[in-house]
Amino acid sequence: MAETTAALRALRPDTASRPAGGTRALEEPEATPRRRTSRLGLLMLAPTLLLLGVFFLVPAVLTGIFAFTTMSSATGISGGAYVFTANRLDALAGSGVPPETITELRTERAVVDAAGLAAAAKAGVDERFLADIKATLLGQSFAGPRDFKRALQALPNHPRRIFELKQAMEPFSHAILNTRFATRDQAAAAIRSVAPDIEPAVLDRLLSASYTGWVWTSENFVRLLTQPQTLRLCLNTVFYVAVTLGFSVAISLFLALATFYLPRRTATAFSALWLLPKITPVVLYAILWKWFTWEGGFLPILAGHLGLPAFNYMKGSVPTAWTIVIMVNGFVGASIGMILLTSALRAIPVQQLWASEVDGASRWQQVRRIILPQLKWPILFFTIYQAMSLMSSYEQIWLTTDGGPGNTTDVWALEAFRVALFDYTGNLRYGLGAAMALILVAVGLIVSLLLLRLFNFSDLVEQPRIET
Amino acid sequence: MRITLQDFTKRFDGASVIDRLNLTIADGEMLALLGPSGCGKTTTLLSISGIHRIDGGAILFDEHDVAALPAQKRNVGVVFQNYALYPHMTAFENIAFPLQVRGVGSAETTRRVKDIARLTHIEPYLTRRPGQLSGGQQQRVALARALVRQPDVLLLDEPLANLDTKLRLEMRSEIRRIQRETGITAILVTHDQVEAMSMCDRIAIMDKGAILQTAAPAEMYRAPASRFVAGFLGSPPIVFVDGVAGGDGTLACDGGLTLPLPSRLKGLAAGRKISLGVRPEHFGTSGDARLSGTIGLVEPQGRETLFDVRLRGDVVLRSVQPARDDLRGGETVSWPLDVENLLAFDAATGAAL
Amino acid sequence: MRSRNFSSWPVVLILVAISLPILVMYAWLVIDSFTDTPPGALLPDEVTLSHWRFLIDPSVTGNVWASTLYTLIFVASVAAVVVSLSATAGYALSRLNLPCRRFFLAGIMVMHAFPAVTLIIGAFLVLQFAGLYNSLAGVIAIKAGMILPLGVWIMKGFYDTVPWEIEMAGVQDGASRFTVWRRLVLPQVWPGIIALSILSGIETWGEYVLPRVLAPTTDFPVLSVFLNEVKVPDSVNYNFNLFKSVGLFYTLPILVLFVFFQNRLMTIFGAGTKG
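So, how was this worked out
- Residues numbered from 1 in each chain as written.
- Chains lettered and ligands numbered in written order.
- Predicted model: local features only at pLDDT ≥ 70, side-chain atom pairs only at ≥ 80, totals over all residues.
- Helix = DSSP H or I, 4+ residues; strand = E, 2+ residues; numbered from the N terminus.
- Buried ≥ 20, exposed ≤ 12 C-beta atoms within 10 Å, placed from the backbone.
- Contact = placed C-beta atoms within 7 Å.
- Rg over C-alpha atoms; globule rule 2.2 N^0.38 Å.
- Pairing = 2+ DSSP bridges.
- Axes fitted to C-alpha atoms, helices over the stretch in contact; angles between N-to-C directions.
- Core = buried A, V, L, I, M, F, W, Y, C linked by C-beta atoms within 7 Å.
- Domains from an automatic or database assignment.
- Nonpolar A, V, L, I, M, F, W, Y, C, P; charged D, E, K, R; others polar.
- pLDDT = per-residue confidence, 0-100.
- Parallel < 35°, antiparallel > 145°, perpendicular 65-115°, else oblique.
- Left-handed = near helix turned anticlockwise from the far one by under 90°.

Undergrad: Sorry if this is basic, but what is going on with the overall build of chain C here?
TA: The helix and strand tally for chain C stands at 11 helices and 2 strands. Projected onto the principal axes, the alpha-carbon positions of chain C cover approximately 75 × 65 × 30 Å. Per-residue burial over chain C gives 52% buried out of 275 residues. The long-range fraction of contacts in chain C, counting pairs at least 24 apart against all pairs at least 6 apart in sequence, stands at 72%.

Next comes the structure, spelled out in structure tokens:
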């Protein structure tokens with residue numbers, strides 16, 4: 001398509017800066033271009049800006065924001081509550097919180113007050129019994145359920161059944177343990193009600209320990225910097241990107257050149273064949289590779305017949321697993337590269353090649369001296385673009401080796417994805433995953449801007465010629 | 001309708017392209033805007049049409065200033081260099097489009113399209129798409145589309161540039177005929193002086209965003225206002241010989257050659273540097289003075305023959321004469337020079353003397 | 001140019017060698033879905049249609065037709081959103097006077113080179129907040145958002161090739177810019193609309209990660225998810241033949257496009273390969 005070739009032709013470094021308008025511009029610095037904003041243009045652009053804003057830019061920004069949180073499937077994503085569980089209280093013992101406070105928090109107490117009476121009436125407790133309670137116990141409080149129960153049983157109209165008695169006790173209970181407080185103030189008030197003299201620092205500690213939602217943290221990045229797994233992932237990623245890229249570039253260049261020179265019919269057949277890895281749905285493509293290399297699949301059976309070692313090549317050994325990962329991704333890359341380089345090749349004026357043949361250049365000299373220099377920019381573009389895609393893609397690896405055997409073929413993008421969205425243990429660490437993705441987003445952004453520079457962007461932007 | 005440009009100014013990205021240009025086109029007149037590419041003639045045209053916004057001055061249609069109106073609200077018909085026919089519509093649909101947009105009823109539309117098609121001689125082709133029409137037919141469809149809504153003014157942007165020589169000749173007279181029959185005010189933008197001279201009532205010659213001279217073709221050819229105008233009009237072009245006035249009605253050229261000056265310049269002060277313009281038809285046919293030199297290149301052009309004659313001091317004059325094949329390169333000739341018709345310009349300013 | 005001063009067979013031989021995996025995989029994709037092969041053998045010994053029973057018997061792997069319909073809705077919606085928004089935004093960016101036009105263009109270009117897949121975690125959170133998690137609508141929006149920069153860029157490229165004079169003539173004929181776009185310019189960019197439809201259609205038809213992660217438990221999985229989860233009761237190993245029949249069924253529309261548009265697909269993807 002014309003667009004691609006134009007784009008490829010524009011693939012020159014932005015060397016010469018353009019002269020600014022002409023000399024007369026200097027004499028009239030006040031001259032402002034009188035261009036009316038097209039309302040139609042804004043209207044036509046608005047839906048796109050909206051969709052890209054909400055489903056492209058906001059995700060990017062959110063990735064940046066949540067990289068600095070502890071958000072996970074345990075904390076939920078929309079804030080949390082304050083809950084003291086037995087475990088949390090145990091963990092707090094010996095961290096500066098006075099033991100008696102912890103005991104107080106554990107204690108379930110009962111207070112007979114107007115609110116409790118109203119709640120009990122609502123819950124359907126026998127009226128006569130309630131009247132008894134109001135008459136004798138109003139204003140009293142009990143240190144534990146046992147005392148309260150005894151006091152209740154002393155009343156004349158107390159229910160006979162334990163079940164009903166328990167039901168009647170409930171509205172008066174003021175337990176802190178395992179109660180959800182929606183806000184920080186409610187939780188603080190509850191703590192103060194049992195420990196009025198609590199120090200503010202201790203209160204703070206208690207409150208943050210009881211918080212179930214996510215909080216701000218830089219822990220994710222500290223963790224990425226310190227854990228040994230990070231180095232391993234980085235090395236894997238670099239190895240994967242570099243080797244796959246080399247494979248793709250070599251194959252696609254060979255394909256583009258070969259199909260350029262071969263008779264039309266043969267050339268069409270091969271370039272069509274090599275379109276398949278690009279257009280085949282990724283799941284089917286992965287299944288075909290599985291069949292090709294899995295035990296009981298094509299290659300192992302063939303190897304068995306030939307007396308070679310036959311096993312599950314995809315997951316059975318590290319070298320075979322890497323080879324397959326590289327081929328799986330490399331074939332797709334070669335497919336893309338072939339398309340790109342072929343269109344760049346077709347853009348070379350054929351007269352140049354005729355001229356070189358008249359000059360007696362051999363086919364090899366023609367490729368080396370005439371074609372390759374002109375493919376320099378398309379190849380560079382493809383390399384940068386493909387490196388960025390490989391770095392951020394994980395679909396193929398996920399669907400084939402899944403990082404195995406062990407985590408030998410695990411790469412950064414796959415790990416980020418798994419940490420955040422596909423952890424087998426069930427705890428999805430959105431915050432940590434976002435931190436890992438943020439690094440990819442940053443690299444992606446830098447490289448995209450670099451490509452924009454290489455593209456000679458100004459050449460592609462022409463001022464509208466209808467000014468009204 | 002009379003069109004008037006008053007102090008018309010246009011800038012692009014702050015750089016002034018046209019600065020305070022003034023021009024009037026009379027009602028029913030056909031005026032050529034002639035100039036080399038990049039002189040601002042197309043910018044002027046697009047500003048009159050309303051495609052460009054102007055940065056100063058006024059554009060009057062009769063008394064009415066249209067400068068603030070968008071293109072849609074100015075009643076202007078334009079024929080573009082590449083015709084700009086809508087490729088997915090038939091010739092009929094192309095011509096009917098301006099009427100449809102204005103909400104003209106379909107019976108009325110058909111009638112008016114038929115009328116204009118008759119005028120422009122394209123009735124047999126109305127059902128064809130532009131891709132199935134020849135260049136000349138496309139040109140006629142473009143004209144019909146521009147004229148069908150009876151515009152106040154017709155603008156033609158290099159209308160003949162995309163045609164081959166034979167068709168160009170035909171369309172030249174066709175456009176003029178149609179303009180005369182409709183009596184419409186028209187502006188022709190062109191870089192081709194033959195087109196401008198043969199088709200238009202008047203020519204406005206432009207260079208670097210300014211109009212150098214406005215005159216009827218014959219007058220402009222006979223009495224160009226400047227060296228630039230003289231050089232632009234005429235084919236084969238005029239030859240300039242630089243020299244210093246001798247004070248005695250002669251011109252001393254660089255290589256020792258002396259040329260006579262027309263009698264109207266007898267009083268020219270000695271030592272003044274001037275540029276003498278010799279049109280090819282004024283050398284070699286008639287005149288009082290004689291010049292001898294060696295024939296260089298001979299270009300037979302059918303009806304005429306063109307000679308390059310090298311005079312003393314390596315001055316080369318051109319001569320056009322009725323076809324003759326008795327002379328070869330290298331022969332020496334002594335030919336008359338029509339002194340009174342020579343043109344003289346100030347060497348520094350280029351202004352006619 | 002394709003002259004005889006070199007012999008082509010060594011090149012063809014190398015080509016065949018590096019193409020062998022693709023050749024074998026696709027040949028057996030078709031062969032295996034219609035045959036049975038004894039364990040340990042490479043070539044089939046029996047022709048059968050039994051692997052295609054999933055088409056009529058939902059008990060084999062689930063309701064494939066519902067999934068197909070679901071996938072079609074997914075693909076058609078994404079293509080419709082992408083094409084309609086690209087056709088309008090591309091025109092605005094190519095031809096109309098807008099404030100910050102350069103900025104928008106640069107932004108679209110950066111987004112179009114940017115690896116959108118890194119945004120999936122952010123997208124997941126957005127859908128959670130918007131209440132669109134686990135719905136097809138959410139997946140459509142995200143997928144459309146990811147293809148859109150490419151679409152806008154492609155359409156802008158096509159609009160750029162329409163001669164300005166056509167628009168000038170339209171404006172001069174008295175048409176508003178909207179009418180000019182609708183009646184004069186849009187008909188010139190049909191090839192672009194078709195190319196973009198095919199491109200976004202193929203991209204979306206093959207999409208796996210987004211529906212799998214952003215709508216994991218909808219009633220009917222799209223075909224990519226359906227295929228990856230083909231489960232065969234009482235079989236420890238993969239039943240590759242069933243996988244391949246479902247896979248062949250799934251990829252059939254793409255193969256049809258491939259057969260009919262082979263040469264054009266090359267150029268379409270040429271435009272689509274971000275660049």
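Undergrad: It is not clear to me how the overall build of chain A should be interpreted in this structure. Could you clarify?
TA: Helices and strands together make up the secondary structure of chain A, namely 25 helices and 4 strands. In summary, chain A has a C-alpha radius of gyration of 35 Å against a globular reference of 23 Å for 468 residues, an excess of more than 25%. Judged by the C-alpha coordinates and their principal axes, chain A covers about 120 × 85 × 40 Å. When burial is assessed residue by residue, chain A has 36% of its 468 residues classed as buried.

Undergrad: I keep staring at the sheet that holds strand S15 (residues 289-300) of chain B and nothing clicks. Help me out?
TA: Adjacent strands of a sheet pair through backbone hydrogen bonds, lying either parallel or antiparallel. All names here are of chain B. Across the sheet, which stays open at both edges, the 4 strands sit in the order S17-S16-S15-S18 with antiparallel pairing between neighbours. The outermost strands of the open sheet, each flanked by one partner alone, are strand S17 (316-322) and strand S18 (332-337). Going from strand to strand, the sheet's axes swing by 50 degrees on average, the running direction of each strand aside. With 5 bridges connecting them, S15 and strand S16 (residues 304-310) associate as antiparallel partners. Bridged to threonine 294 within S16 is arginine 310.

Undergrad: Honestly, the nonpolar core in this entry has me stumped. Any pointers?
TA: A general feature of soluble globular proteins is that nonpolar side chains tend to end up buried together. Among the nonpolar cores identified, the biggest contains 275 residues, and Ala32(B), Ile95(B), Ile187(B), Leu188(B), Val82(C) and Ile120(C) are the most heavily contacted of them. Per-domain counts for this core show at least three residues from each of domain 1 (3-224) and domain 2 (239-346) of chain B. Among all residues touching Ala32(B), those that are not within four sequence positions of it are Leu188(B), Thr190(B), Ala196(B), Met199(B), Cys200(B), Ile203(B) and Ala204(B). With 12 residues, the next largest nonpolar core counts Phe84(A), Val97(A), Ala187(A) and Ala195(A) among its residues.

Undergrad: I keep staring at the pairing of strand S12 (residues 250-253) of chain B and nothing clicks. Help me out?
TA: When a strand is regular, its side chains alternate between the sheet's two faces. Residue and element names in this part refer to chain B. Examined bridge by bridge, strand S11 (residues 239-245) and S12 share 3 bridges and lie antiparallel to one another. Bridging across to S12, alanine 245 finds its partner in leucine 251. Between S11 and the antiparallel strand that follows it, S12, lie 4 residues; glycine 247 among them carries a positive phi value of about 85 degrees. In this sheet, strand S13 (residues 258-260) lies alongside S12 in antiparallel orientation, the contact comprising 3 bridges. Bridge assignment links alanine 252 to a residue of S13, and that residue is threonine 258. Counted along the chain from S12 to the antiparallel partner S13, the turn is 4 residues long, and its residue glycine 256 has a positive phi close to 95 degrees.

Undergrad: Would you take a moment to explain the environment of Asn407(A) for this structure?
TA: Assignment of secondary structure puts Asn407(A) in the loop between helix H22 (395-399) and helix H23 (412-421). Along the primary structure Asn407(A) and Leu62(A) are separated by 345 residues, whereas in three dimensions their C-alpha atoms are 29 Å apart.

Undergrad: Would you explain the sheet that holds strand S1 (residues 3-12) of chain B in this entry?
TA: All names here are of chain B. Read across the sheet, 4 strands follow the order S2-S1-S4-S5 without closing on themselves; strand pairing throughout is antiparallel. Among the strands making up the open sheet, the edge pair consists of strand S2 (15-25) and strand S5 (64-65). Direction of pairing for S1 relative to S2: antiparallel, over a ladder of 7 bridges. Its bridge partner lying in S2, isoleucine 3 is registered against isoleucine 25. On top of the sheet, helix H1 (residues 41-49) reaches S1, S2 and strand S4 (56-61); it is set at about 115 degrees to S1, its chief contact.

Undergrad: Help me understand the interface of chain C and chain A in this model?
TA: You'll often see interface size given as the accessible area lost when the parts meet. Every contact between the two is made by 96 residues of chain C and, on the other side, 93 residues of chain A. Among the residues making up the side of chain C that touches chain A, the classes are represented as 66 nonpolar, 24 polar and 6 charged.

Undergrad: What is the right way to read the environment of Ala242(A) from this model?
TA: One can find Ala242(A) in helix H13 (residues 228-261). Expressed as a C-alpha distance, the spacing of Ala242(A) and Met388(A), which sit 146 residues apart in the sequence, is 11 Å.

Undergrad: Explanation requested: the confidence of the model for chain C in the structure shown.
TA: Predicted coordinates in regions of low pLDDT should not be interpreted in detail. Residues and elements named next belong to chain C. Mean pLDDT for chain C: 86, with 92% of residues reaching 70 or above. Across chain C, the secondary-structure element scoring lowest on mean pLDDT is helix H11 (residues 240-272), at 81, and the one scoring highest is helix H7 (residues 177-185), at 95. The complex prediction reports pTM at 0.84, with the ipTM value standing at 0.90.

Undergrad: Can you walk me through unusual backbone geometry in this structure?
TA: Negative phi is the rule for most residues except glycine; trans is the rule for most peptide bonds. Residues and elements named next belong to chain B. The peptide bond linking serine 235 to proline 236 adopts the cis configuration, its omega dihedral lying at -5 degrees. Tracing the sequence through the fold places proline 236 in the loop between helix H8 (227-232) and S11. Phi is positive for tyrosine 83, close to 70 degrees, though the residue is something other than glycine. Counting through the fold element by element, tyrosine 83 comes out in the loop between strand S6 (76-79) and helix H2 (91-101).

Undergrad: When you look at the pairing of S15(B) in this model, what are you seeing that I'm missing?
TA: All names here are of chain B. Examined bridge by bridge, S15 and S18 share 6 bridges and lie antiparallel to one another. What sits directly across from threonine 294, in S18, is threonine 332. Linking S15 back to S16 in an antiparallel pair, the connection comprises 3 residues, with glycine 302 at a positive phi of about 85 degrees.

Undergrad: Got a minute to help me understand the packing of helix H8 (residues 145-153) of chain A against helix H9 (residues 162-169) of chain A in this structure?
TA: Any two packed helices are characterised by how steeply their axes cross, that is the angle between the axes, and by the distance between the axes. Residue and element names in this part refer to chain A. Where H8 meets H9, the closest approach of the two axes is 11 Å, and the angle between their N-to-C directions is 115 degrees. The angle between the axes of H8 and H9 places the two elements in the roughly perpendicular class. The hand of the H8/H9 crossing is right-handed. Between H8, through Pro145, Phe148, Lys149 and Leu152, and H9, the contact on the second element is made entirely by Leu165, Ala168 and Met169. Here the residues of the contact of H8 with H9 are counted per class, giving 6 nonpolar, no polar and 1 charged.

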